[in-house]
Amino acid sequence: MEPGVSIETSSMIRVAVLPIGEVPPTLLRDYFSMLLRYQTILLSAISSFYTEHQKSPFAHQPWDSGSLRFKFILGGAPPSPWEDFQSNRKILAIIGICHCPSSPDLDTVVSQFSAACKGFSSALVERCFAFCPGDSQLEDGSRKGGNLMLFPPADRDTQELHLQTMMQDIAASLLMKFEKWVLQAESTGTILKTPLDSQSSLSSEEVIKAKKRRLGRAQKTIGDYCLLAGSPVDANAHYTTALELSRLTGDFFWLAGALEGGVCALLIDRMGQRDSVLEDEVRYRYQSVIVHYRKVSPITFELEATLKLARFLCRRELAKEVVDLLTTAADGAKSLIDASDRLILYVELARLYGTLGYERKAAFFSRQVAQLYLQQENRLAAISAMHVLALTTKAYRVQSTASVSKNETGSGLADNTKMLHQSVVSLFESQWSTLQMVVLREILLSALRAGDPLAAWSAAARLLRSYYPLITPAGQNGLASALSNSADRLPSGTRSADPALPFRNSAKEDWWAGSAPSGPFIYTPFTKGEPNNNSKHELIWVVGELVEVLVELANPCGFDLRVDSIYLSVNSRNFDPFPVTVNLPTNSSKVIALSGIPTAVGPVTIHGCTVHCFGVITEHLFKDVDNLLLGAMQGLVLSDPFRSCGSGKLKNVSVPNISVVPPLPLLVSHIVGDGAIILHEGEIRDVWIHLANAGTVSVEQVHISLSGKNQDSVISFASETLKSALPLKPGAEVTIPVTLKAWRLGVGDADIAGGKSAFGSIVRHSKDGHSPALLIHYSGPLSNSKDPQTNETIPPGKRLVVPLQICVLQGLSFVKAQLLLMEIPAHVGESLPQLAHVNSHCSEDAVGSNSEIDKLVKIDPYRGSWGLRFLELELSNPTDVVFDITVSVQLDSSSNDDSHSVDKDTSEYGYLTTRIDRDLSARVLIPLEHFKLPILDASFFAKDDQTDGVGSCRSAIFSEKNTNAELNASIKNLISKIKVWWKSGRNSSGELNIKDAIHAALRSSVMDVLLPDPLTFGFRLLRSCSEPEDFTAQAHPFTSKGSVLAHDMTPMEVTVRNNTKDMIKMNLSIACRDVAGESCVEGAKATVLLAGVLGGIAMEVPPLQEIKHSFSLYFLVPGEYSLVAAAMIDDANDLLRARARTDSPDEPILCRGPPFHVRVVGTL
Amino acid sequence: MATTACFIIVSRNDIPIYEAEVGSAAKREDAAQLHQFVLHAALDIVQDLAWTTSAMFLKAIDRFNDLVVSVYVTAGHTRLMLLHDSRNDDGIKSFFQEVHELYIRILLNPLYLPGSRITSSHFDTKVRALARKYL
């Protein structure tokens, strides 16, 4: 069988093209390709070379339209045993090709050529073309003459013209030889035999039969020569005769041959006029050809005829018919004895299926071809097998990435993030893993045999990468050794398009993935909120600054993998990647950071990684892995290599758009001292942050802000220090102080702390994410505006995050707080100090002591009595250090205390230090009297009055729901003035955060602490002006402070002040009691006489006014007496009821003042 | 039962979603591979042939040596392909019809993504039982 046969093959003149002498392969290919242009020589073109020696047997030769066809066979072909049967199988001409520079001696060339020609006995014309002769050779050659044709060096066009002339000459010579042969055959008659005949014994019967058949065979052969001579009409006439003769003699083989020749003649005759009628005719005739061939062996002719018909019909529309023919032909393969025949058959089948567009069928037969090649077990066959298999890879979708054209891969399904699952499925089209593995394995085998290490490497890599789950660990090891063996034979630095080891990129890590500010300021509040770009993944890198990309590598196979180097592969040339070496143990995955430096402004696209592994450099694309993972997710591919390695922690991200901007300043920070700042709860400490500009551009603008949790723990940071250091030149440094205050451990944290601190151990609280961070936004100089008109782009700013790693240790813990109250009655004196301008100095005077504790006793201006109020805090120290507690109260200096301010003192009031030893608890007293209680202030009310003009503000306060809010506000105000400082050791100090505790403690008694009684009572001695000595004595603190003489009429007056905004009607009564508490005005044993009214005094007190009521007492017995005023309020309003904490509206409200002491001294 | 038979379901995207060697012949790896190669190649013919008829059962559409490929194309262009060496059209037709029904049940599973591999062992068991019954 012969490859590439078609119906027209019968009309082609075979020309052997032989290299003579040394011809470099590339040149030979070049010369051969020049020859190929002259496969068809028009008869009209050769008429000038043609001389009719005698009458031409080709009577109907179409000189104007016909042509001769050549079939050039490089290297020639061995003579076929069937060349008598089909003359086109003969080598009818020989063209030698000689490259003169490599064959200097032309004589040798001539002799070599003639020797070569001896192998082709059927050749009628022999020519040797010598290209590129030297001058001497030209002279020499012109003398040689004969068959040697010299092609003088010239440009290609000239050479081609020369060659054309030569070919026309050859064609003419052949034509004349054909004529001669035909004339000879007609006259003498030749014996034509086929291998079929030779087997028959030469019995007389056979000889007679052969003689009978001789004529028919001769006619058929003449017909063949007519076809070769380009005269289909003559050929047809001879074939018709041959048909009749061979039918008569029962020579079916030659009958079929004549029929076949007739079809060819028909086609040549109707050249270019193909229609369905012709097609039907050809089909009909060829069916009978096939039928006749079938009658005789060998089967090859039947198969060839089938293939010829199939090739003739090979069109999509006739696919079914062609497929039938080809299937029949394929069935014939079993009957073929010769392996090479089967090879040719499969090759032809593959070609025809390929022409039909049946890629998979073609691949199937190609693989059969490859298997036949592989059976031959020699290197050349293995190379052929490898090449054939490479053709099948497309159909089986295992092609090497090198062979996939760029635009095919570029048409990005992967670009589209929202892929429909249908298109996802299509990504994994034809996942015939069994087939793919078999094909790859065969490629590997053939490549190994063929000695092509790169192809072997590539096949092994593809096998490993795509099908590792289906390969046993032993097989994987085998592949790995195949890879390294192949790599050993490859030159170092070889690149392969097929990656071996799977990986993916996981995350882009960068110091800053932010927006470019749109104004001269680093942050403008207007642009901050809005999205800066349409695409989410925008990344800006800066020239000259190291960036890192996290890439996850996985080795799911059963062997240890050493990646010699891996670095980011960047298409744009503005990125310097740094390679790293990675060792991946069996079945493991690893996240590595690949770094690099952008070198120039512009976009950067990272497609993947360049990996140097197993001795070969490959590029791994992220996209492929993305697709793989997508497929794994959908269950379309075998397995996710990362999950099988126990990975999957990192989220896969798509590669963002990255652009590189010009150099920017780069601030580097570190906290002076240790990395972590360890603080007790509430501790206040300064830390220093050292900032240095590590960039190449100076920092021109800077802004510091806070972020993260517990921001309030940063009390202050010296942004001014930083700003004053601007511009910060490259290399310049600055240190800024930051004042920190440790936060309180939360409830949950405290629990943990409590559990852990059972044995007094230090509990470190170092949970991440609790610490605040300093955000330093900074930028370089504005780009030099060469043209202010142009909308210059402002270089982006940067953000530096300085995390303050604060470790909070448990400090003092608060146990409870409570309010301690104590009331000390006042002495009745000449004045009413408590009402108008009471101050601490007064009280000092009154008490007559300068001791510290006495300072704490304060007059309640609205009650008229002395009071002692403490907030008692119980603190315990669970830590192992000693704390010193100092309470300080910030005194108010507010301007609104115009008339009722208790204290004018603005300084802080310090108390004694309390020391709490480790594992102990202590109580700390905080005096409350120093506060001006704001709710008592007239100004407070006045403020409310303004907002609430009717004056029912208090009613509102007490009755409405906002009571709580008002109270809370005032309590908060109060609490904020109390500071409990602690100090521990030499340099650890802080403030105890006990606001909540105080709040809770004050909550219950807040009314008593903060609100005045509605009525204030005060007693005063009235002295007549006529007794100045008493007056002066009264002024003296020690002698006659409020003392009254017994047996003396003592005029007194009681003052009742209305603290409300409403008129109060009341019934005032005054009681005077002795030390035992007995009333000493009424009853039989009255020791005090009185003048005036003491009980049932009805009075009306206008709002915020006071009314006085005078009376006189006459004390009979010296001693201590106390005067108590009480008032029954009539028609109490809601406000008063609320203050008195009564609910029933009918209950009378008794308002009792504090007792006033009167010291009665006897006359001495 | 046929001595050699290989059943395969090919999704509309030309991906094999189910494979089973259902023949009674001794299993040989290279034979199984050849079966798949033949079936894969037959897809080319199915792709043209499926549109020339309204029948779902396309009968024997391809052969290689003595292996015959019979195909049944569902409305969704999922192809049930059987490689066999016996000529029992009726049995094969029944086999295909019943497997089609099984396949539809798989499709009705809301968790099954059409076009992905059929991993149900129940399906596998049933198909093998049907193969024993009809082939």
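Residues numbered from 1 in each chain as written. Chains lettered and ligands numbered in written order. Predicted model: local features only at pLDDT ≥ 70, side-chain atom pairs only at ≥ 80, totals over all residues. Heavy atoms only, no water.

(A) Up close: the overall build of chain A. Helix and strand counts for chain A stand at 34 helices and 46 strands. For chain A, contacts bridging at least 24 residues in sequence account for 78% of all contacts bridging at least 6. For chain A, the accessible surface area stands at approximately 53,600 Å², while carbon and sulfur atoms represent 54% of it. (Helix = DSSP H or I, 4+ residues; strand = E, 2+ residues; numbered from the N terminus. Contact = heavy atoms within 4.5 Å. Areas by Shrake-Rupley, 256 points an atom, 1.4 Å probe, with all protein chains shown as cover.)

(B) Structural context of the overall build of chain B. Scanning chain B from N- to C-terminus turns up three helices and five strands. In chain B, the succession of α and β elements from N to C terminus is β-β-α-β-β-β-α-α. Looking at the 135 residues of chain B, the share that counts as buried comes to 55%. Within chain B, contacts between residues separated by at least 24 positions form 55% of all contacts whose residues are at least 6 apart in sequence. Of the roughly 6,000 Å² of accessible surface on chain B, a fraction of 51% belongs to carbon and sulfur atoms. (Buried < 20%, exposed > 50% of the residue type's maximum accessible area, 1.4 Å probe, protein only.)

(C) Representation of the nonpolar core. Ranked by internal contacts, the top residues of the largest apolar core, which has 194 residues, are Phe129, Met167 and Val282 of chain A together with Met81 of chain B. Sequence-distant contacts of valine 282 of chain A, defined by excluding residues within four places in its chain, comprise Ile7, Val263, Leu266, Leu267, Leu309 and Phe312 of chain A. By size, the runner-up hydrophobic cluster in this structure holds 34 residues, among which are Val1044, Cys1080, Leu1123 and Val1158 of chain A. (Core = buried A, V, L, I, M, F, W, Y, C linked by side-chain atoms within 4.5 Å.)

(D) Structural context of the side chain of threonine 221 of chain A. Residue and element names in this part refer to chain A. Tracing the backbone shows threonine 221 in helix α7 (residues 204-228). Judged by its relative accessible area of 0%, threonine 221 is buried. Of the polar contacts made by the side chain of threonine 221, one reaches the backbone oxygen of arginine 217; its length is 2.8 Å. (Polar contact = N/O pair within 3.5 Å; in protein donor to acceptor, adjacent residues only side chain to side chain.)

(E) Molecular detail of unusual backbone geometry. Of note, cysteine 132 of chain A is a non-glycine position whose phi angle comes to about 55°, a positive value. On the secondary structure map, cysteine 132 of chain A appears in the loop between β5 (125-131) and α4 (135-144). At asparagine 65 of chain B, a residue that is not glycine, the phi angle is positive and equals roughly 50°. Following the sequence through the fold, asparagine 65 of chain B ends up in the loop between β3 (57-64) and β4 (67-73).

(F) Broad picture of the environment of leucine 726 of chain A. All names here are of chain A. For leucine 726, the position within the fold is in the loop between α24 (719-724) and β24 (733-741). Leucine 726 sits in the partly exposed class, given a relative accessible area of 22%. Counting along the chain gives 28 residues from leucine 726 to serine 698, while the straight-line C-alpha distance between them is 8.5 Å. Beyond its immediate sequence surroundings of up to four residues, leucine 726 is in contact with Val699, Glu700, Gln701 and Val702.

(G) Seen up close, the side chain of histidine 40 of chain B. Position of histidine 40 of chain B relative to the elements: it lies in helix α1 (residues 29-49). We classify histidine 40 of chain B as buried; its relative accessible area is 1%.

(H) How the structure looks around the sheet that holds strand β26 (residues 798-803) of chain A. Residue and element names in this part refer to chain A. The sheet built from three strands is open, its strands ordered β22-β25-β26 with antiparallel pairing. Edge positions in the sheet fall to β22 (701-708) and β26, since each of these pairs with one other strand and no more. Averaged over neighbouring strand pairs, the angle between their axes works out to 25° when direction is ignored. Looking at chain direction, β22 and strand β25 (residues 772-779) are connected through eight bridges and run antiparallel. Bridge assignment links glycine 708 to a residue of β25, and that residue is proline 772. (Pairing = 2+ DSSP bridges. Axes fitted to C-alpha atoms, helices over the stretch in contact; angles between N-to-C directions.)

(I) Broad picture of the sheet that holds β3 of chain B. Residue and element names in this part refer to chain B. With antiparallel pairing, the five strands of this open sheet are ordered in space as β2-β1-β5-β4-β3. Edge strands, defined here as strands with exactly one partner in the open sheet, are β2 (16-21) and β3. The average undirected angle you get between the axes of adjacent strands in this sheet is 20°. As judged from the six bridges shared by β4 and strand β5 (residues 79-84), these two strands associate in the antiparallel manner. Along β5, the bridge assignment pairs serine 70 with leucine 82.

(J) Fine view of the interface of chain A and chain B. Contacts between chain A and chain B engage 35 residues on the former and 30 residues on the latter. Both sides together, the interface formed by chain A and chain B hides about 3,000 Å², and carbon and sulfur atoms give 58% of it. Three residues stand out in chain A for area buried against chain B, namely Arg360, Phe364 and Trp432 of chain A, and they jointly supply 26% of the buried area on that side. In this structure, the connection of chain A to chain B is made through five salt bridges. A salt bridge links lysine 361 of chain A to aspartate 62 of chain B; the nearest nitrogen and oxygen atoms lie 2.2 Å apart. Our enumeration of links across chain A and chain B arrives at nine residue pairs in polar contact (both at pLDDT 80 or more). Of all the elements in the fold, those that place two or more residues in the side of chain A that touches chain B are α12 (319-332), α14 (359-376), α15 (379-396), α17 (421-427) and α18 (433-450) of chain A. Of the residues forming the side of chain A that touches chain B, the biggest block, seven residues, is contributed by α14 of chain A. (Buried area = accessible area lost by both parts, 1.4 Å probe. Salt bridge = Lys/Arg side-chain N within 4 Å of Asp/Glu carboxyl O.)

(K) Just the packing of aromatic side chains, in detail. For the coordinates displayed, the defined rule picks out 29 aromatic pairs over all chains. Seen from their ring centres, tyrosine 31 of chain A and phenylalanine 131 of chain A are 4.0 Å apart, and the 10° between their planes marks the pair as stacked. Highlighted residues: tyrosine 31 of chain A in helix α1 (residues 25-36) and phenylalanine 131 of chain A in strand β5, separated in sequence by 100 residues. One exposure class covers both tyrosine 31 of chain A and phenylalanine 131 of chain A, and it is buried. Judged by centre distance (5.1 Å) and plane angle (80°), the ring pair of phenylalanine 7 of chain B and phenylalanine 95 of chain B falls under edge-to-face. One end of the pair, phenylalanine 7 of chain B, is in strand β1 (residues 5-10); the other, phenylalanine 95 of chain B, is in helix α2 (residues 89-108), with 88 residues separating them in the sequence. Each member of the pair, phenylalanine 7 of chain B as well as phenylalanine 95 of chain B, is classed as buried. Here a set of aromatic residues connected by ring pairs shows up, and it is made of Phe7, Tyr18, Phe57, Tyr72, Phe95, Phe96 and Phe123 of chain B. Positioned over the ring face of phenylalanine 85 of chain A is lysine 220 of chain A, at 4.5 Å from the centre of the ring. When the ring centre of phenylalanine 252 of chain A is taken as origin, the NZ or CZ atom of lysine 295 of chain A, which lies over that ring, is 4.6 Å away. (Phe/Tyr/Trp six-rings, centres within 6.5 Å; stacked < 30°, edge-to-face > 60°. Lys NZ or Arg CZ within 6 Å of the ring centre and 35° of its normal.)

(L) Representation of the confidence of the model for chain A in the model. Residues and elements named next belong to chain A. Averaged over chain A, the pLDDT score is 71; the fraction of residues at 70 or greater is 68%. Segment residues 646-652: pLDDT under 50, and 16 contacts once partners within four positions in sequence are set aside and those in other chains are kept. Scored below 50 in pLDDT, residues 748-767 shows 28 contacts in the model against residues more than four places distant or in partner chains. (pLDDT = per-residue confidence, 0-100.)

(M) Up close: the pairing of β2 of chain B. All names here are of chain B. Here β1 pairs with β2 via five bridges, running antiparallel. Its bridge partner lying in β2, valine 10 is registered against proline 16. The turn linking β1 back onto β2 is made up of five residues, and aspartate 14 within it adopts a positive phi angle of 65°.

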